[in-house]
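So the chains spell out like this:
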Amino acid sequence: LLFLACAACLIVGISEPLIQTRVVYPQVQYLQGDAAVDQFRNATHPWHEHMWSHSYSQLLTLHYENHMPFSAMAAAYTSVLMPALLFTYLILVLVRPAFLSEEVILGLKRWIVHKAPYRFVIPMVLMTTVSLVNLSDPGGATFQATFTRGIYY
């Protein structure tokens, strides 16, 4: 039951975006003639707004479509393979099945301890990124980043 719950959280976690960014930039046009200038001056929305949020699964396909296979492999390793391996190895260390020798259990413990800081560093990097983005424009008028519900997984 615990394995199914963790697998469901992993699937939801890689399919939900972590951060959503909003960029607002001015509409730049070459205006020729007084009529075009007046029309632009009277426009109610002379700004373009772009919202961006991708989940890990969307980033994998985006990397492959942009011919970046190593970036896709790194994203797949850190978002899909590493959490599944950490969970599996942790269960094996806790249960200690008879078919695993003490050397294998010790190796699994070392691997878990070695990879544990990455599980804590990645959320801190995301939080720092969001705070720096929001500090660049405190009012959120031109550039804003927020967390989505994918950060919980």
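All values reported here derive from a predicted model rather than from experimental measurement. Along each chain, residues carry numbers from 1 onward, in the same order as the chain's sequence is written. The predicted nature of this model means local features are confined to residues of pLDDT at least 70 and side-chain atom pairs, given and counted, to a pLDDT of 80 or more, with totals for whole chains, interfaces and linings taken over all residues. Where side-chain values are given, they derive from all heavy atoms of the structure, hydrogens and water being excluded.

Caption draft 1: View of the packing of helix 4 (residues 69-95) against helix 5 (residues 102-136). Lines fitted to C-alpha atoms define the axes here, with helix axes fitted over just the stretch in contact, and angles between the N-to-C directions of these axes take values from 0 to 180 degrees. Per the convention used, a helix needs a DSSP run of H or I reaching at least four residues, while a strand needs a run of E reaching at least two, with both numbered from the N terminus. In contact at an axis separation of 10 Å, helix 4 and helix 5 are set at 140° when each is read in the N-to-C sense. Taken together, the axes of helix 4 and helix 5 lie oblique to each other. The two elements helix 4 and helix 5 cross, and the hand of that crossing is left-handed. Contacts between helix 4 and helix 5 involve Y77, T78, M82, P83, L85, L86, Y89, L90, L92 and V93 from the former and I105, L108, K109, W111, I112, K115 and R119 from the latter. Broken down by class, the residue content of the contact of helix 4 with helix 5 amounts to 13 nonpolar, one polar and three charged. By the definition adopted for this analysis, an angle is roughly parallel if under 35 degrees, roughly antiparallel if over 145, roughly perpendicular if from 65 to 115, and oblique otherwise. By definition, turning the near helix anticlockwise from the far helix through less than a right angle yields a left-handed crossing, and turning it clockwise yields a right-handed one. The contact criterion used is simple: two residues touch if any of their non-hydrogen atoms lie within 4.5 Å. Three categories are distinguished: nonpolar for Ala, Val, Leu, Ile, Met, Phe, Trp, Tyr, Cys and Pro, charged for Asp, Glu, Lys and Arg, and polar for the others, with Gly belonging to the last.

Caption draft 2: View of the packing of aromatic side chains. For Phe, Tyr and Trp, rings pair up if their centres lie within 6.5 Å, where Trp contributes its six-membered ring, and each pair is then called stacked (planes under 30 degrees apart), edge-to-face (over 60) or tilted (otherwise). Considering all chains together, one arrives at one aromatic pair under this definition. Judged by centre distance (5.0 Å) and plane angle (75°), the rings of Y89 and W111 are edge-to-face. Taken together, the positions of Y89 in helix 4 and W111 in helix 5 put the pair 22 residues apart, joining distant regions of the chain. Residue exposure (1.4 Å probe, protein chains only): buried if accessible area is under 20% of the type maximum, exposed if over 50%, otherwise partly exposed. A residue is classified by how much of its surface remains accessible, and Y89, at 22% relative accessible area, is partly exposed. With relative accessibility at 22%, the residue W111 sits in the partly exposed group.

Caption draft 3: Highlighting unusual backbone geometry. In this structure, H67 takes a positive phi of about 60° despite not being glycine. Positionally, H67 belongs in the loop between helix 3 (56-65) and helix 4. Classification of H67 as exposed rests on a relative accessible area of 71%. Phi angles above zero are rare outside glycine, and R96 is one such case at about 50°. Tracing the sequence through the fold places R96 in the loop between helix 4 and helix 5.

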